[in-house]
Amino acid sequence: MNFTYLFVLIWLAYLVCSGVLLFSRGFLLARVSKTESSTCRRLSTNPNDEYVLSPEVVNEIFKDVNASSSSNLCLPQKSKVIILVIDALKYEFGVYKDNLTEPPLPYENKLKVLHELLSEKPEHARLMRFKADPPTTTLQRLKGLTTGSLPTFIDIGSNFASPEINEDNVIDQIVKSELPMVFLGDDTWTDLYPRRFKRAYAYPSFDIFDLDSVDQQILKHLPKELASEDWQVLIAHFLGVDHCGHKHGPMHEEMARKLGEMNDVISSVVQQMDDATTLLIMGDHGMTASGDHGGDSDDETNALLFAYSKKNRFYGSDAGSDSELLQQIDLVPTLATILGVPIPYSNLGLINFNLIPDVPVPHLSKFQTLLLHVWQNAQQIYRYFFSYALENKRTFNVDEMDKLETEFILLTHRVQTIYNEAAFKSFVRDLNVHLRDILNVCREIWVRFDPTQMSQGLLFCFLPIFFAFLLINNSRSADYGKIFKAKEISYIYLLNIAAGVFGYRYFKNFSFKTEEQGVIFFTSILSAVILAFYTLKHWTSIANNWSSVKRFSHMPTRLILFSSMAVYFSNSFVIQEAKILSYLLGGIVLLLAYELIQLSARLDFKQKFKAPQFLRSTLLRLILASLLAVCFIRFAFTLFRCREEQGNCTDFATQQGFVTKKSGLSRVYISAVVIIVIYTTLTRLYLRSCGNLTGNSPNVLLARYGPTVASICAGGHILLANSSIKNVHRVHIDAMALVIYALLIVQIVIVSWSPLMTFVLPPRNPNVISVNGKDSIVPEIFKKMKRMYEGDDAERRHEIPVVYGLATVYSSVIITFGVFLSMVLIVLLEPRAAIGLVASMAIGAILLSVNGILRYRTATSFESCVQPTFTALVGWFLLANFCFFATSHQTTLSQIDWRAAFVGRTTGLGQSNVISGALVILNTFCGHIFFFTVYALLSTETFSLFALFPNLIRSNSRLGKGDSATALSDVANESVGFDMTRGELSLYEYEDVFLGSNFKVATQFIMLQGLKIFCSMLACTIHCRHLMVWKIFAPRFIYEALATFVSLPSLILGYLLLLRIHRAVDSLIKRINKTKVN
């Protein structure tokens, strides 16, 4: 029975997640990659080659430049190329500022060699703004820099795993043209292009704490490669500047050091390069004031490009190219032109002649050379664009396509009439406008929506939420055993497997695009039919239970929940979501406090309000606790990260450049350490007061000493990882994080093996007589015999074992597990964020206390006592989402904390991308993971509070005079119909209702999370053509989808943890009973 509920939760979670996945496939569908490859006839000046330039060949070409024989030409190679990629080289890093009145910032005027070359040889050097397309992650930028195509939005997720590129690209074209290449640096290149390089010195790129290793390895091999003459293209990708930005930000002194090193590298390369080489220095993206990147702000998209040629000057702006700004996709055709190779098939960039060396081509005038280059580029873009449009007709506007085609036909006629430079300049200007129009059209439809998959995803996400609401939310906890029978659930799983196999096998017969869509469609349809059948079968009991619910009950809570869901439908609300959520959470806390005040007014002060009684009452303590929770919520405002759209956001640059980072970071680090120590100390004191730290069982020993060790390691990691001390080895810092990871793993093993934190006190031997040294033993023997003869109850009590920690037997294990889980999350978070997590847990503790007291005072039965109120459920749900913002996260791609991927993982300790991704997920969604894993505390806290603090939870008016123990037991029986003085042991005695109630709570959280992601999906559907869809709505959907994929397994894990504890309690009780019988 117990595991039947678990399988139902897994089933419902699968249905919701599959709907979200199907919607994402339709909404975030990537651009269709074309596998075609460009080819050309390579014209040569060597008489021995097949296609030799001659006056006759030139005349034949210009007789009809649109002819097939003239449309696939590659002019001779102009020079060798050295490409120095300096990761995250922002444009401002290379701009030289004269006459600085104040000391320069760490990044200012450090690349002096660029300024010197521009001053000495202005016609041989170019400095340009290098504009990247979002997302500005290294993997996507390298794809754009080599294919010339627009990036896909969702590809940011593959930044952890770089798949080989199968689309036509300039690297493959260079290889096909038999031009040898050498590579040094970031191993992302060799992941994207394996086996392409003559020699490759690739090094791991994902340890952002390491500023120097990769760069030093490049410098070790670069001099000998520059001296070698067996390559035509040399690529070196330096990572130090990017890693410095991630670790310290651009305002740190380490940035000055790294830029100074790059200045020396560039100077050395310039000295060693020969006259027949073109040097290209570029950044793949920029960085924000906090050193991050990934989004589409100007700071992130504005990189730097510098070009230099010793011998040959560059073509000027006469060729119609922009001299100040270069789109990154324009690098591909420009590089192909320099090397004399075909432009990749799917390229949408334009040749920028400001970077092309002016090398004369035999038998061709200057304008003829430029015209051939321009027209080859235009025909290549035309072939790709219209081929793509014909295969994806529904994607493009027909009228716009007709207009573009007409314009291009006119240009094909016009190109035949160009015989001088004036006509060429006019033609190039109009041609560039036309080709940019094509690029803009592609930008608008770069993601092609699939309305079928989007609508199916919405439907399949909504149906399980709807039927779960009808069937589970409106049934009593004791009835779930009758509704969900183990045998029936096993048949449901078998039917779903059969439906999945059918969808996988015959998806093409139903016009589905992928096997995945077929599997999701048939399993979701089948599951919806089964849920509908269950609902109809039990409709009578559902209707009866539903009719007992007041129509307008919990209306304020419903309005708060509705407000939190409505955020997704407005871009301004999404921007201000953190503040909105904090106000709503504060409203929930005050609403719970108001309900308690109302209740206390009726019970404790129903006759007359007395100030002394009020000052000693539970009500005042609860009001103060609620106000403390509101203060914690308000304090979290200082921990929120801002967005670029918020004008006063210091995470992004101002007009003058970067803003200085906030001072007082050392105080933040120390505060974080102190708060972590206080947190672990308080939890340990609580467990000790509950009696759960008595004995020597494995979990007791771990709970007694583990949190102390974890807090020491977490504090040491925070202080050393953010310290300016340079002689601390990274391995020693990582060891502290590894200890915390190990403690969580040990905790999981112990919970799986022996989870209880109880101690059974061995029964005292009733035949033993204890006397003092001064007393006579004879009277004591007489008294003992008399008690035994009269059958004294005290003698019988010796037969009943004393068990420490039984009153909190469930919650103690959950709290201990939560402590070790939270310590892992804390070490992954930044110090400020760690403070936010502890503050959120403090709010959660207050919510649990207020809900526990309110639940007891309003409960009329065991079921109503164990089932948390709807207001508490919504509060816990909002708290999990509030924790996301309180831990300094935002729903923007540029503010993902990639640093977490390397906590405790140096180069020698593994390079698994799966582990990196898991650590970032744990960091980003720490609130969802923690609060949903320990959700069972909502059901147990009432009982543990009553057992530990009876004077706090009971009503003063219900307690009469006389024996306090008897009165307390009577109060409990009178209130809820059973004795709550036994604490959480009562939960074991009513296990069907207890486990059913926790199953219901988990299902309600699944419904709330499902409703949240459904609203996000619906908002994206409504706003799919909104101006801000890719900047605001799509990132918000991605975050909420990932939160769903994380939250639902966390709920299942929380219920599984509860089941394991329950089985252990069952074994303990049976063992005690067996001992008594024996």
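Going by the structure above, here's the rest.
Note that the structure is a prediction, hence the values are computed from the model and not measured. (Residues numbered from 1 in each chain as written. Predicted model: local features only at pLDDT ≥ 70, side-chain atom pairs only at ≥ 80, totals over all residues. Heavy atoms only, no water.)

S.K.: So what exactly am I meant to see when it comes to empty space enclosed by the protein here?
M.R.: Unfilled space is identified by rolling a water-sized probe across the atoms. All told, the structure shown has 8 cavities of 30 Å³ or more when counted by the stated rule. The volume enclosed by the largest cavity comes to roughly 210 Å³. Leu73, Cys74, Val341, Ile343 and Gln376 are the residues nearest the centre of the largest cavity, which is lined by 20 residues in total. In terms of residues, the lining of the largest cavity owes the most to one element, helix 14 (residues 366-391), which gives 5 residues. Class assignment of the residues belonging to the lining of the largest cavity gives a composition of 10 nonpolar, 9 polar and 1 charged. (1 Å grid on protein atoms, 1.4 Å probe; cavity = no way out; pocket = protein on both sides within 12 Å on 5 of 7 lines; lining within 4 Å. Points joined across faces, edges and corners; volume = space filled by probe spheres on them. Helix = DSSP H or I, 4+ residues; strand = E, 2+ residues; numbered from the N terminus. Nonpolar A, V, L, I, M, F, W, Y, C, P; charged D, E, K, R; others polar.)

S.K.: What am I meant to see in the sheet that holds strand 10 (residues 325-327) here?
M.R.: Across a sheet, strands are paired by hydrogen bonds formed along the backbone, either parallel or antiparallel in direction. Ordered by their spatial adjacency, 8 strands build an open sheet running 6-5-7-3-8-9-4-10, and the pairing between neighbours is mixed. Across the chains shown, the open sheet's two edge strands, defined by having one partner strand only, are strand 6 (199-203) and strand 10. Across the sheet, the mean angle from the axis of one strand to that of its neighbour is 15°, orientation sign disregarded. Examined bridge by bridge, strand 8 (residues 277-282) and strand 9 (residues 302-309) share 5 bridges and lie antiparallel to one another. Looking across to strand 9, one finds that Leu280 is bridged to Ala307. (Pairing = 2+ DSSP bridges. Axes fitted to C-alpha atoms, helices over the stretch in contact; angles between N-to-C directions.)

S.K.: Mind showing me how you'd approach the environment of Gly818 here?
M.R.: Mapped onto the elements, Gly818 comes out in helix 32 (residues 811-828). On a C-alpha basis, the gap between Gly818 and Thr933 in space is 7.8 Å, while along the polypeptide they are 115 residues apart.

S.K.: What is the right way to read helix 42 (residues 991-1022) from this model?
M.R.: Helical geometry note: an α-helix holds 3.6 residues per turn, so side chains three or four residues apart project in the same direction. Taking 1.5 Å per residue as the helical rise, helix 42 with its 32 residues ought to reach 46 Å, and the 46 Å between its terminal C-alpha atoms agrees with that figure. When you tally the buried positions in helix 42, you get 26 out of 32 residues, the bulk of the element. (Expected span 1.5 Å × (residues − 1). Buried < 20%, exposed > 50% of the residue type's maximum accessible area, 1.4 Å probe, protein only.)

S.K.: Whenever I open this one, the packing of aromatic side chains confuses me. Can you help?
M.R.: By convention here, two paired aromatic rings are described through the distance between centres and the angle between planes. On inspection of all chains with the given rule, the structure shows 50 aromatic pairs. Ring centres of Phe385 and Phe386 lie 5.1 Å apart, and the angle between their planes is 80°; this geometry places the pair in the edge-to-face category. Residue class for Phe385 comes out buried when judged on its relative accessible area of 1%. Judged by relative accessible area, Phe386 falls into the buried class, the value being 10%. (Phe/Tyr/Trp six-rings, centres within 6.5 Å; stacked < 30°, edge-to-face > 60°.)

S.K.: Explanation requested: the pattern of salt bridges in the structure shown.
M.R.: If the charged atoms of two oppositely charged side chains come close together, the side chains can form a pair. Considering all chains together, one arrives at 28 salt bridges under this definition. Between Glu1040 and Lys1012 there is a salt bridge; the shortest N-O distance is 3.0 Å. Here Glu1040, found in helix 43 (residues 1029-1077), pairs with Lys1012, found in helix 42; they are 28 residues apart in sequence, far enough to count as distant. For the pair Glu1040 and Lys1012, one class covers both residues: buried. Because the salt bridges share partners, they merge into one network encompassing Asp212, Asp215, Glu254, Arg257, Lys258 and Glu261. (Salt bridge = Lys/Arg side-chain N within 4 Å of Asp/Glu carboxyl O.)

S.K.: Explain the environment of Ala1034 here, please?
M.R.: Position of Ala1034 relative to the elements: it lies in helix 43. Overall, Ala1034 belongs to the buried group, its relative accessible area being 0%. Considered as a pair, Ala1034 and Thr892 are 142 residues apart in the sequence and their alpha carbons are 9.6 Å apart.

S.K.: Even after reading the chapter, I still don't get unusual backbone geometry, so can you show me in this structure?
M.R.: Where the residue is not glycine, phi is negative for most of them; where a peptide bond is considered, it is trans in most cases. Positioned with a positive phi, His363 is a non-glycine residue whose angle comes to about 70°. Residue position: His363 is located in the loop between helix 13 (331-339) and helix 14. Phi angles above zero are rare outside glycine, and Ser511 is one such case at about 65°.

S.K.: Please explain the state of the cysteines as it appears in this structure.
M.R.: For the structure on display, the rule yields 1 disulfide. The residue that forms a disulfide with Cys40 is Cys74, at a sulfur-sulfur distance of 1.9 Å. Between Cys40 and Cys74, the S-S torsion sits near -115°, and that sign places the bridge as left-handed. Linking Cys40 in the loop between helix 1 (2-27) and strand 1 (41-42) with Cys74 in strand 2 (residues 73-74), this pair joins segments that are 34 residues apart in sequence. The thiol of Cys17 is unpaired, and the distance to the nearest cysteine sulfur, on Cys461, comes to 8.7 Å. (Disulfide = S-S within 2.5 Å.)

S.K.: Please clarify how the packing of helix 27 (residues 665-689) against helix 33 (residues 831-858) should be interpreted in this entry.
M.R.: A pair of packed helices can be characterised by two numbers: the angle between their axes and the separation between those axes. Direction vectors running N to C along helix 27 and helix 33 enclose 30°, while the axes themselves pass 9 Å from each other. Helix-helix and strand crossings are classified by hand; for helix 27 and helix 33 the assignment is left-handed. In contact with Val668, Tyr669, Ser671, Ala672, Ile675 and Tyr679 of helix 27, helix 33 contributes Pro831, Arg832, Ile835, Val838 and Met841. Partitioned by chemical class, the residues of the contact of helix 27 with helix 33 number 9 nonpolar, 1 polar and 1 charged. (Left-handed = near helix turned anticlockwise from the far one by under 90°. Contact = heavy atoms within 4.5 Å.)

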